[in-house]
Amino acid sequence: MSPISYHNIAIRYTAPFGLTVGGDFTRYHEERCQNLFKEDVEQIHSENRQRINRYHAYLDQEHSLGKWTIGYGVDYQHSADNSRQSYTLPPRQGFDNTLREDVAGVYVSAQASFPFGLSFNTSVETEYFHNDYRHNWNLIPQLGATYYTTPASIFQLNFTSQRIYPSYWELHGGTSYVNDYSTIAGIPALQPYMSYTGQFSYILRQKYAATFYVLYADDYSVQLPYQSTNDLHLIFQTTNMDFSKTIGLQLHIPFDIKNIWNATATVNISHAQQKSNHFHDLSFNNKRWGIYAGMNNTIRPTPASPVSLTINGAYIAGKIQGPGRFDPLWKFDVGVKWQFGRKRCCELDLQANDIFNTCNPILKIDYSGQDYIMKTRDMNRCLKLSFIWRFNGFKPKDTPHIDTTRFGTGN
């Protein structure tokens, strides 16, 4: 076995007339061995390998035309995933193949601001997707608009869409063992899904905000457990559903008492639905109301005090995942911060998060013969001490974000 190796090389050129040309190359390599024993007897022995080469190139052009800024460009990405899985125990078929994927897109964008208080930006991309199991075209629109005649009253409208891709490893259809009862199974027919988000917000006095939102995911996919009806066997597998939909209203209410007590209350009430007509040999249509209520507090002995106390709490209920439902969760965090030094350039921060260790998800499925409870324990409670020293107002530089969520054989 060998350690994970990950390399990325990127190049980018920006011309003075608004042209940007760039590209990058990513190489990922991982080898992993899995051994499971029952007492002193080896039950499972497998070797996994993943080698991915991913190429990405793009071109963007912008033009300023009075109040308008017009943009257009092209984007192309190709990946080749050469992966292998072999089993010594139990004797079963593995795989050794290469999956190729191509994504190409063309987009146009426009943004403008007008003196009567309206500003907006919009774009639309036509994307072509191709792999060994599917090829199709998709339209990916974006819209953002803000309207205000006075900063005391602001209206905002946002609509975004994006394609969410599964991990490369899942697409090979391999099998990994959790124990002699549970397995994680891939699925070659797993497809990316389209996610759409719409939000309408009203902001009062640049402080108080109310947001109505709709989230919709077509062909939504998530990993779900399934208890086999053929044998005593639990299968974890990421599968595409028909859709996932959430409609909700969020209220954001900050307040301040003489800069001694600063607090922000957030309340989110939502209704979620997830539906699938083909979940193994079952179908489900799960609906549920949910709520999130949280409050963050910062307390100081005096407005100019260098010492502050933070007390934060949150409560979550009504979450769903496939045919399953989560039990309510709550957490309580406490922290103390001390700022000192010249212009308070130094900061000592002690944080105790989830001090009662109550924010551990419990998923329950009791549907059509499926009787399953998953509990997680001791995951969130922690005590953290940090020290920060800022030199002459130093701020770390932004580094380019490289998406690595699709890599790895442990998915």
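Our subject is the structure listed above.
Report on the accompanying structure.

The rules we used
Each chain has its residues counted from 1, following the order in which its sequence is written. Local features in this predicted model are restricted to residues whose pLDDT is 70 or higher, and side-chain atom pairs enter the listing and the counts only when it is 80 or higher, whereas totals over whole chains, interfaces and linings include all residues. Hydrogens and waters are ignored; side-chain quantities use all the structure's heavy atoms. Runs of E in the DSSP output that reach at least two residues are strands. Runs of H or I that reach at least four are helices, and both are numbered from the N terminus. Relative accessibility under 20% of the residue-type maximum defines a buried residue, over 50% an exposed one, and the middle range a partly exposed one, all with a 1.4 Å probe and only protein chains included. Every residue pair with non-hydrogen atoms within 4.5 Å of one another is taken to be in contact. Stacked, edge-to-face and tilted labels apply to pairs of Phe, Tyr and Trp rings (six-membered ring for Trp) whose centres lie within 6.5 Å, assigned for plane angles under 30 degrees, over 60, and everything in between, in that order. In this scheme, the term charge over a ring applies when either NZ of a lysine or CZ of an arginine sits within 6 Å of the ring centre and within 35 degrees of the ring normal. Buried Ala, Val, Leu, Ile, Met, Phe, Trp, Tyr and Cys residues that are joined via side-chain atoms within 4.5 Å together make up what is termed a nonpolar core. In this description, strands pair whenever DSSP reports at least two bridges between them. Here, a salt bridge means any side-chain nitrogen of Lys or Arg that lies within 4 Å of a carboxyl oxygen of Asp or Glu. Between N-to-C directions, angles cover 0 to 180 degrees, with each direction set by a line fitted to C-alpha atoms, over the stretch in contact for helices.

The helix and strand inventory of the protein stands at zero helices and 25 strands. With the C-alpha coordinates of the protein rotated into their principal frame, the extents come out at 70 × 55 × 45 Å. Taking all 411 residues of the protein together, the buried fraction comes to 36%. For the protein, the proportion of contacts with a sequence separation of at least 24, taken over those separated by at least 6, is 57%.

This part takes up the packing of aromatic side chains. Using the criterion set out here, one finds 26 aromatic pairs in the structure. Centre to centre, the rings of Phe-25 and Tyr-55 are 5.0 Å apart; their planes meet at 40°, and the pair counts as tilted. Of this pair, Phe-25 sits in strand β2 (residues 19-38) while Tyr-55 is found in strand β3 (residues 41-65), placing the two residues 30 residues apart along the sequence. Put simply, the rings of Tyr-6, Tyr-28, Tyr-168 and Phe-407 pair up and form one aromatic cluster. Geometry around Phe-129 places Arg-163 over its ring, the cationic atom sitting 5.2 Å from the centre. Here Arg-406 stacks its cationic end above the ring of Tyr-168, 4.0 Å away from the centre of that ring.

Okay, the nonpolar core next. In terms of nonpolar packing, the biggest core is built from 12 residues, these being Ala-185, Tyr-193, Ala-217, Tyr-220, Val-222, Leu-224, Tyr-226, Ile-235, Met-241, Phe-279, Leu-282 and Phe-284. Where this core is concerned, the elements lending two or more residues are β13 (221-227) and β17 (282-299). Excluding residues that lie within four positions of it along the chain, Ile-235 makes contacts with Thr-183, Ala-185, Leu-224, Pro-225 and Tyr-226.

A word on the pairing of strand β10 (residues 182-185). Bridge count between strand β9 (residues 175-177) and β10: three bridges; the pairing is antiparallel. Within the sheet, the bridge partner assigned to Ser-176 lies in β10 and is Ile-184. Hairpin connection from β9 to β10: four residues lie between these consecutive antiparallel strands. Strand direction decides the pairing type here: β10 and strand β14 (residues 234-240), joined by four bridges, are parallel. Following the sheet pairing, Thr-183 is matched in β14 by Ile-235.

Across all of its chains, the model carries nine salt bridges by this definition. For Asp-96, the salt bridge identified is with Arg-49, shortest N-O distance 4.0 Å. With Asp-96 in strand β5 (residues 95-113) and Arg-49 in strand β3, this residue pair connects regions lying 47 residues apart in the sequence. Using a relative accessible area of 8% as the deciding quantity, one classes Arg-49 as buried.

With an omega of -15°, the peptide bond running from Leu-89 to Pro-90 counts as cis. Non-glycine residue Lys-343 carries a positive phi angle of around 50°. Within the secondary structure, Lys-343 sits in the loop between β21 (329-340) and β22 (346-353). In the Ramachandran plot, Arg-344 falls in the positive-phi region, its phi being about 55° despite a non-glycine side chain. Looking at where Arg-344 falls in the secondary structure, it is placed in the loop between β21 and β22.

Taken in spatial order, the four strands of this open sheet run β9-β10-β14-β13, and their pairing is mixed. Looking at strand neighbours, the two that pair on one side only are β9 and β13, the edges of this open sheet. Shown here is a sheet whose adjacent strand axes are inclined to one another by a mean of 25°, direction ignored.

None of the figures reported here should be taken as evidence of function without further support.
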